[in-house]
Each structure stands twice: as C-alpha cells, then as structure tokens.
Amino acid sequence: MWVTGAVAVIYYSNFFKVIFDSPRANRIFVNIALLGIGINVTLTIYVAFILPHVLKIKESFETYCPRVVVIGTISGVTSFITMIIGIWPLWGLSLIHISEPTRQAEISYAVFCLKKKN
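Everything quoted here is computed from the prediction, not taken from an experiment.

### Some remarks on the confidence of the model for the protein chain
Of all residues in the protein chain, 77% have pLDDT values of 70 or greater, and the mean over the chain is 82. Within the protein chain, strand β2 (residues 108-116) has the poorest average pLDDT of any element, 52, and helix α3 (residues 27-54) the best, 94. Long-range and interchain partners of residues 106-110, a stretch whose pLDDT sits below 50, account for 13 contacts in this model, where long-range means more than four residues apart.

### As for the environment of Ile50
Tracing the backbone through its elements, the reader meets Ile50 in helix α3. Setting aside anything within four residues of it in sequence, one finds Ile50 in contact with Ile45 and Leu55.

### As for α3
Maximal helix bending in α3 amounts to about 35°, located at Tyr46. Among all positions in α3, only Val30, Ala33, Gly36, Leu43, Val47 and Leu51 are buried. Lys56 occupies a position one or two residues after α3 and carries a positive phi of about 55°.

Criteria and cut-off values
- Residues numbered from 1 in each chain as written.
- Predicted model: local features only at pLDDT ≥ 70, side-chain atom pairs only at ≥ 80, totals over all residues.
- Heavy atoms only, no water.
- pLDDT = per-residue confidence, 0-100.
- Helix = DSSP H or I, 4+ residues; strand = E, 2+ residues; numbered from the N terminus.
- Contact = heavy atoms within 4.5 Å.
- Bend = angle between axes of the 7 residues up to and from the residue.
- Buried < 20%, exposed > 50% of the residue type's maximum accessible area, 1.4 Å probe, protein only.

The structure is reproduced here in structure tokens:
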C-alpha cells in the first residue's frame with residue numbers, strides 16, 4: 001500500500017523532472033545521493049543474483065562478504081541525507097493543520113508534509 005502511495009506522489013509531483021531540471025536543486029548533493037543509490041542497487045544485484053546464481057556460493061553473504069552490509073548501510077544513510085539536502089530548496093517541510101468541523105470540541109491535527117516551494 002505504501003509503495004502505491006509513493007509511486008502516486010512521484011508521478012503526480014513530477015519528482016524526477018523537477019529534481020533534474022530545476023536550477024534550485026543542490027546538484028552536488030543530488031549527485032552524491034544518486035551515486036549512493038547506484039551503489040546500493042549494485043550491492044543488491046551482487047548479493048541476490050551474482051553470488052548465488054553466477055558464482056554458485058552456497059554460504060550466507062554475511063559470512064562470505066561481511067562488508068556488504070556495512071557498505072550498504074553507510075551508502076543508504078548517506079544517500080538519504082544528501083538527497084534531503086539536495087531537494088530541500090525545492091520542497092521544504094511544511095506543517096498543515098487539519099481540523100474536524102463535525103465534532104463539537106474543536107480538534108486539530110498537525111500533519112507534516114513536503115510542500116513544493118514556488
């Protein structure tokens with residue numbers, strides 16, 4: 001369900017078009033994030049396909065190449081942080097108040113969302 005929501009947000013916000021075409025994006029940080037995502041995809045293909053099917057390694061990848069987990073974790077955290085820094089000028093964190101007018105007592109919810117900056 002959350003994957004469907006993420007795909008919908010990416011599609012309706014023109015996410016990739018905006019981060020690649022906008023001059024306000026912090027290009028260095030976006031490129032570092034894309035490099036980290038590429039490293040994670042490469043490690044995933046190596047662990048899930050190349051080790052068991054091409055190299056015919058039967059033991060667990062944690063014992064065969066224990067550094068993969070560490071490198072993947074460092075790369076994932078780095079790409080997450082640098083992507084946030086890279087796209088912050090495009091979409092900042094906004095606080096939206098949603099109230100329920102149908103209740104007698106006024107109830108207000110604070111919802112955090114990414115709001116596109118104009």
